[in-house]
Amino acid sequence: MHKATPPSSPDMNSQIEDEDMLYTGDVEEIIEAYDSENIEDEDAMEEDPPEQGDAVCMFSGHKRGSVFCGSLTKNGKLAATGGEEDKAYVWDTSSGQIILDCTGHKDSIIFSEFNHDESYVATGDMSGMIQIWRLADKIRIWDYNMGDATWMKWHMAANILLAGSVDGEIYMWKIPDGDCKVLQGYGCRAEIGAIFPDGKRIVVGYEDGVIRVIDLKTSSVLSSISSASGHSSTITTIDCHSDNNLILSAAVDGKTIISTSNTGKIISILQSLNNGEHNNVNNDQDAESSEGNGDSNWVETAAFCNDPGFQVAATGTVNGEIFIWDISKQILRQKIAQESGISKLLWKANTSVLLSAGLDGVLRCYDGKNGQCLHSFTGHAADILDLYISENGEKALTTSDDSTARIFDISSLS
């Protein structure tokens, strides 16, 4: 359950089609009133221009509504963003210049991402319309409507696009020819998915709390964790460890769980924010204070650290807490209290630097080893909804409810 769920497109039929007409009244008074209103409107527009803040580039191409998603090329020179206005763009992260206007969508864009060799960009909306654009000549080469979609993801090493559906099926297409395979659904939403680093399997979290590991070649379920033994409600976030075995998952039930993909065994329930039925932080009073907050707190985002010498995972809650966990000991290393809820956490490349996208519009950077805040990037006037870090670790892209996307220079953070 994500706090910032993209709304469906507004019903255009409900908008006024004819201009209001005035047939009576003093003409001069009407003209004066009209001019006064125009001046006030212009003044209001001039009073609230978007501020660039700490961003090295601000993209204002999305003219209205929230910008829900974004990604960067490996070198960070191009961004792809999509939003509520049913539009996606590819743009230059130095100048903000639009490179490609991805037209043709009829609903809010929830996915805009480059493939592994950056020859294509895929855009997808909530209604399930997916389009593939070839960057070399900016031509749409493929499209497909799968029905209502929940998530989409490129394979990390092949031109294969995967997507989860509201009905629970997982679609897998080979691009550009469009060959399609549909993995079985189980009667409820396929809420979120992550591909293992080996590229051979996918882990899917469902609305009922079940987690399944699926072989992409055979479509068979290799292991699963039932809602009776694991999560009892909607999975909010899931990540795969670089060892190709460990799975980190969290759900609206407040639980954060580490499990194994090979057997489906639960190794540890790291935290249970809503009922305290099990946790490994009993010796830490700060962490204990987060237990028993009622049923209003859960982990929205979680990620394993990619530094092989720093075996930890980070979890971030909607109430603004960041927990950093020692994976081998399954104990809490650090707890960070942030001033706002957290929409996304990402580790910078293979370092211990953790970036946190705040619902107060601030991008914060922490040292994962000691919990110290290294830097705060400001500029957004509303919630940050998505965060993406370029593979070279130099740029961070944020998208927001304030209709803008921004680029921040994180090259000096280490």
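Residues numbered from 1 in each chain as written. Predicted model: local features only at pLDDT ≥ 70, side-chain atom pairs only at ≥ 80, totals over all residues. Heavy atoms only, no water.

Turning next to the overall build of the protein chain. A count of helical and extended segments in the protein chain gives two helices and 32 strands. In the protein chain, the share of contacts with a sequence separation of at least 24, taken over all contacts with a separation of at least 6, comes to 43%. With an accessible surface of roughly 18400 Å², the protein chain has 45% of that area assigned to carbon and sulfur atoms. (Helix = DSSP H or I, 4+ residues; strand = E, 2+ residues; numbered from the N terminus. Contact = heavy atoms within 4.5 Å. Areas by Shrake-Rupley, 256 points an atom, 1.4 Å probe, with all protein chains shown as cover.)

A few words now on the sheet that holds strand S8 (residues 129–134). Spatial ordering of the open sheet is given by S6-S7-S8-S9, a layout of four strands whose pairing is antiparallel. Each edge of the sheet is formed by a strand with only one pairing partner; in this case those strands are strand S6 (109–114) and strand S9 (139–145). On average, each strand axis in the sheet is inclined to that of its neighbour by 15 degrees, with strand direction left out of account. Pairing analysis gives six bridges linking S8 to S9, with the strands arranged antiparallel. (Pairing = 2+ DSSP bridges. Axes fitted to C-alpha atoms, helices over the stretch in contact; angles between N-to-C directions.)

One pass over the full model with this rule turns up nine salt bridges. Notably, a salt bridge pairs Asp402 with Arg406, separated by 3.6 Å at the nearest N-O pair. Both residues of the pair, Asp402 and Arg406, belong to the buried class. (Salt bridge = Lys/Arg side-chain N within 4 Å of Asp/Glu carboxyl O. Buried < 20%, exposed > 50% of the residue type's maximum accessible area, 1.4 Å probe, protein only.)

Moving on, we get to unusual backbone geometry. Cis geometry marks the peptide bond from Ile175 to Pro176; its omega dihedral reads 15 degrees. Mapped onto the elements, Pro176 comes out in the loop between strand S12 (170–174) and strand S13 (179–183). One non-glycine residue, Glu118, lies in positive phi territory at about 60 degrees. Residue position: Glu118 is located in the loop between S6 and strand S7 (120–125).

So, on to the sheet that holds strand S25 (residues 331–337). Pairing between the strands of a sheet comes from backbone hydrogen bonds, and it takes one of two forms, parallel or antiparallel. In spatial order, the strands read S22-S23-S24-S25; together these four strands make up an open sheet with antiparallel pairing. Only two strands of the sheet have a single neighbouring strand rather than two, namely strand S22 (299–304) and S25. Within the sheet, the average angular offset between the axes of one strand and its neighbour, ignoring direction, is 20 degrees. Pairing of S22 with strand S23 (residues 312–317) involves five bridges; the strand directions are antiparallel. When the bridges of S23 are listed, Val299 appears paired with Thr317.

Turning to the nonpolar core, a few remarks are in order. Counting 15 residues, the largest nonpolar core has Ile130, Ile132, Met146, Trp154, Leu161, Trp173 and Ile175 as its most contacted members. For this core, the element with the most residues is strand S10 (residues 149–154), which contributes three residues. In this structure, Leu161 is in contact with Phe111, Ala122, Ile130, Ile132, Lys153, Trp154, Tyr171, Met172 and Trp173, ignoring residues within four places of it in sequence. (Core = buried A, V, L, I, M, F, W, Y, C linked by side-chain atoms within 4.5 Å.)

Turning to the pairing of strand S24 (residues 321–326), a few remarks are in order. In terms of residue burial, S24 counts as a mostly covered element, since six of its six residues are buried. Neither face of S24 is exposed, since Glu321, Phe323 and Trp325 on one face and Ile322, Ile324 and Asp326 on the opposite face are all buried. In this sheet, S24 lies alongside S23 in antiparallel orientation, the contact comprising five bridges. Looking at S24, one finds that Val312 is bridged to Asp326. Taken together, S23 and the strand that follows it, S24, pair antiparallel across an intervening segment of three residues, in which Gly320 is found at a positive phi of about 95 degrees. Across six bridges, S24 lies against S25 in antiparallel orientation. Counted as the bridge partner of Ile324 is Gln334 from S25. Counted between consecutive antiparallel strands, the loop separating S24 from S25 contains four residues, among which Gln330 sits at a positive phi close to 55 degrees.

So, on to the UniProt feature "repeat: WD" (unreviewed entry) in the protein chain. UniProt tags residues 102–135 and 377–414 as "repeat: WD" (unreviewed entry). Secondary structure over residues 102–135 splits into 0% helix and 56% strand, and the C-alpha atoms at its two ends are 11 Å apart. (UniProt positions renumbered as here; feature names shortened; annotations may be inferred.)

Low-pLDDT portions of the prediction should not be read for the details of their coordinates. Summary statistics for the protein chain give a mean pLDDT of 88 and a share of 83% for residues scoring 70 or more. A low-confidence stretch, residues 7–47 stays under pLDDT 50, and its non-local contacts, those more than four residues away or across chains, total 15 contacts. Scored below 50 in pLDDT, residues 276–294 makes 43 contacts in the model with residues more than four places away or belonging to other chains. (pLDDT = per-residue confidence, 0-100.)

In this section: the environment of Ile160. Topologically, Ile160 is positioned in strand S11 (residues 160–165). Separated by 15 residues in the primary sequence, Ile160 and Ile175 have C-alpha atoms spaced 5.9 Å apart. With residues near it in sequence (within four places) discarded, Ile160 still touches Lys153, Trp154, His155, Met172 and Trp173.

So, about the packing of aromatic side chains. By convention here, two paired aromatic rings are described through the distance between centres and the angle between planes. For the structure on display, the rule yields 10 aromatic pairs. Judged by centre distance (4.5 Å) and plane angle (5 degrees), the rings of Phe59 and Trp91 are stacked. Highlighted residues: Phe59 in strand S1 (residues 57–59) and Trp91 in strand S4 (residues 88–92), separated in sequence by 32 residues. Residue Phe59 is classed as buried on the basis of its relative accessible area, which comes to 2%. (Phe/Tyr/Trp six-rings, centres within 6.5 Å; stacked < 30°, edge-to-face > 60°.)

Position of Asp148 among the secondary structure elements: in the loop between S9 and S10. The partly exposed category is assigned to Asp148, whose relative accessible area is 48%. Non-local contacts of Asp148, meaning those with residues more than four positions away in its chain, are made with Met126, Ser127, Gly128, Ser165 and Val166.

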